[in-house]
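# Structure at a glance
Next come the chains, spelled out residue by residue.
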Amino acid sequence: MTDANRILLGVNIDHVATLRQARGTRYPDPLKAALDAEEAGADGITLHLREDRRHIQDHDVRRFKEALQTRMNFEIGVTEEMLAFAESIRPEHVCLVPENRAELTTEGGLDVLGQEARIRAAVERLSRVGCEVSLFIDADEQQIEASRRVGAPAIELHTGRYAEAHNPAEAARELARIRDGVACGLSHGLIVNAGHGLHYHNSEPVAAIAGINELNIGHAIVAHALFVGFKTAVAEMKALIVAAAARG
Ligand SMILES: CC(=O)[C@@H](O)[C@H](O)COP(=O)(O)O
Ligand SMILES: NCC(=O)COP(=O)(O)O
């Protein structure tokens, strides 16, 4: 297999914490899920500390930093509180995401183009403490170019519109947009990841896009794990995307 068809899986464990927070218990432990995910082949662990702390909590992030065997991809909004917290943790990767307290889930990509100075300052701060910064953006040429201009080494393309497509034609259009976004990102020398809403039935076409580095997948894996266990759920997803990438 060449590098062009190698793909990594980042497992997002936020929704293990959602179940815990629903009752204010100490279980299920998202760290246990993360360690199981790593054993089952996850290449990294993603967690999103939302401003409203609806799932992941500050103490989770500290424990993850101590215990993870792979690497942490820490998702945060671009606020002073979050940037200062990330600087204190120094995760291997920080992904800057848009955040709206009222949203059910992350609705779109970060508007890098509309706030270049602010994002550039955030990228500089986090890079200074050794984090590799990615920007969670829509597969839009202008946003990709702005991401390069602000100095981010990586982008993560939001796959939500593809995942939520209402019919095959819409899915094909959204997939083409992601494919073009990957090509555009690579042409600018960026590392290109993707994620959001990916599932066992829709991840393969994204994994098959040449040059894509990593898929971050959470909700679907946590949901499937309820029935098959966490390690099996992760191993199944990993096998699916690795095979799709190898087929190309
Ligand atoms: C940025 C992203 O896509 C994930 O972190 C996702 O947001 C996690 O799930 P929720 O949006 O449900 O918090
Ligand atoms: N950045 C996307 C992510 O981490 C996982 O999103 P989802 O699979 O929970 O929708």
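Note that the structure is predicted; figures quoted are calculated from it, not measured.

### What about the UniProt feature "binding site: 3-amino-2-oxopropyl phosphate" (unreviewed entry) in the chain?
Look at the UniProt record and you will see "binding site: 3-amino-2-oxopropyl phosphate" (unreviewed entry) annotated at Asn12, Arg23, Gly197, Gly218 and His219. In sequence the annotated residues extend across 208 residues, and in space they extend as well, their farthest C-alpha pair lying 24.9 Å apart. For the largest pocket, the lining residues among the annotations just cited are Asn12, Gly197, Gly218 and His219.

### Notes on the pairing of strand S5 (residues 132–137)
Burial of S5 is extensive: five of the six residues sit out of reach of the surface. As judged from the four bridges shared by strand S4 (residues 93–96) and S5, these two strands associate in the parallel manner. Within the sheet, the bridge partner assigned to cysteine 95 lies in S5 and is serine 134. Considered for its hand, the β-α-β crossover made up of S4, helix H5 (residues 116–128) and S5 is right-handed. Two elements, S5 and strand S6 (residues 154–158), share four bridges in a ladder whose sense is parallel. Across the sheet, residue leucine 135 finds its bridge partner in S6, namely isoleucine 155. You can see the chain leave S5, run along helix H6 (residues 141–149) and come back into S6, and the turn it takes is right-handed.

### Quick look at the site of ligand 1
Taken together, 13 residues lie around ligand 1, and His55, Glu75, Thr105, Thr106 and His196 are the ones closest in. Histidine 55 is positioned with one of its side-chain polar atoms (N or O) 2.7 Å from an oxygen atom of ligand 1. Histidine 196 places a polar side-chain atom, nitrogen or oxygen, 2.6 Å from an oxygen atom of ligand 1. More than half of the atoms belonging to ligand 1 lie within 2 Å of the grid points that define the largest pocket. Looking at the shell around ligand 1 residue by residue, the classes come out as three nonpolar, seven polar and three charged.

### What to know about the pattern of salt bridges
Taken as a whole and judged by the stated rule, the model has 18 salt bridges. Arginine 125 serves as the salt-bridge partner of glutamate 87, at 2.8 Å between the closest nitrogen and oxygen. Of this pair, glutamate 87 sits in helix H4 (residues 80–89) while arginine 125 sits in helix H5; the two residues are 38 residues apart in sequence, bridging distant segments of the chain.

### Topic: the site of ligand 2
The full set of residues close to ligand 2 is Asn12, Thr46, Glu75, Phe136, Glu156, Gly195, His196, Gly197, Asn216, Ile217, Gly218 and His219. Asparagine 12 is positioned with one of its side-chain polar atoms (N or O) 2.8 Å from an oxygen atom of ligand 2. Contacts to ligand 2 include histidine 219, whose backbone N or O atom sits 2.9 Å from an oxygen atom. Protein chains bury 93% of the 310 Å² of accessible surface belonging to ligand 2 in isolation. Taking a 2 Å distance to the grid points as the criterion, the majority of the atoms of ligand 2 fall inside the largest pocket. For the shell around ligand 2, a count of residues per class yields two nonpolar, eight polar and two charged.

### A word on the sheet that holds strand S7 (residues 191–195)
Taken in spatial order, the eight strands close into a barrel running S1-S2-S3-S4-S5-S6-S7-S8, and their pairing is parallel. Along the sheet, successive strands turn relative to each other by an average axial angle of 25°, direction set aside. Pairing analysis gives four bridges linking strand S2 (residues 44–48) to strand S3 (residues 72–76), with the strands arranged parallel. Each bridged residue has a counterpart across the sheet, and for leucine 47 the counterpart in S3 is phenylalanine 74. Packing of H6 onto the sheet brings it into contact with S5 and S6, and relative to S5 it is tilted by some 160°. Lying over the sheet, helix H8 (residues 168–187) contacts S6 and S7, oriented at roughly 170° with respect to S6.

Quick notes on the rules
- Residues numbered from 1 in each chain as written.
- Chains lettered and ligands numbered in written order.
- Predicted model: local features only at pLDDT ≥ 70, side-chain atom pairs only at ≥ 80, totals over all residues.
- Heavy atoms only, no water.
- UniProt positions renumbered as here; feature names shortened; annotations may be inferred.
- 1 Å grid on protein atoms, 1.4 Å probe; cavity = no way out; pocket = protein on both sides within 12 Å on 5 of 7 lines; lining within 4 Å.
- Buried < 20%, exposed > 50% of the residue type's maximum accessible area, 1.4 Å probe, protein only.
- Helix = DSSP H or I, 4+ residues; strand = E, 2+ residues; numbered from the N terminus.
- Pairing = 2+ DSSP bridges.
- Right-handed = clockwise from strand over helix to strand, strands pointing away.
- Near = heavy atom within 4 Å.
- Polar contact = N/O pair within 3.5 Å; in protein donor to acceptor, adjacent residues only side chain to side chain.
- Sits in = over half its atoms within 2 Å of the grid points.
- Nonpolar A, V, L, I, M, F, W, Y, C, P; charged D, E, K, R; others polar.
- Salt bridge = Lys/Arg side-chain N within 4 Å of Asp/Glu carboxyl O.
- Areas by Shrake-Rupley, 256 points an atom, 1.4 Å probe, with all protein chains shown as cover.
- Axes fitted to C-alpha atoms, helices over the stretch in contact; angles between N-to-C directions.
- Contact = heavy atoms within 4.5 Å.

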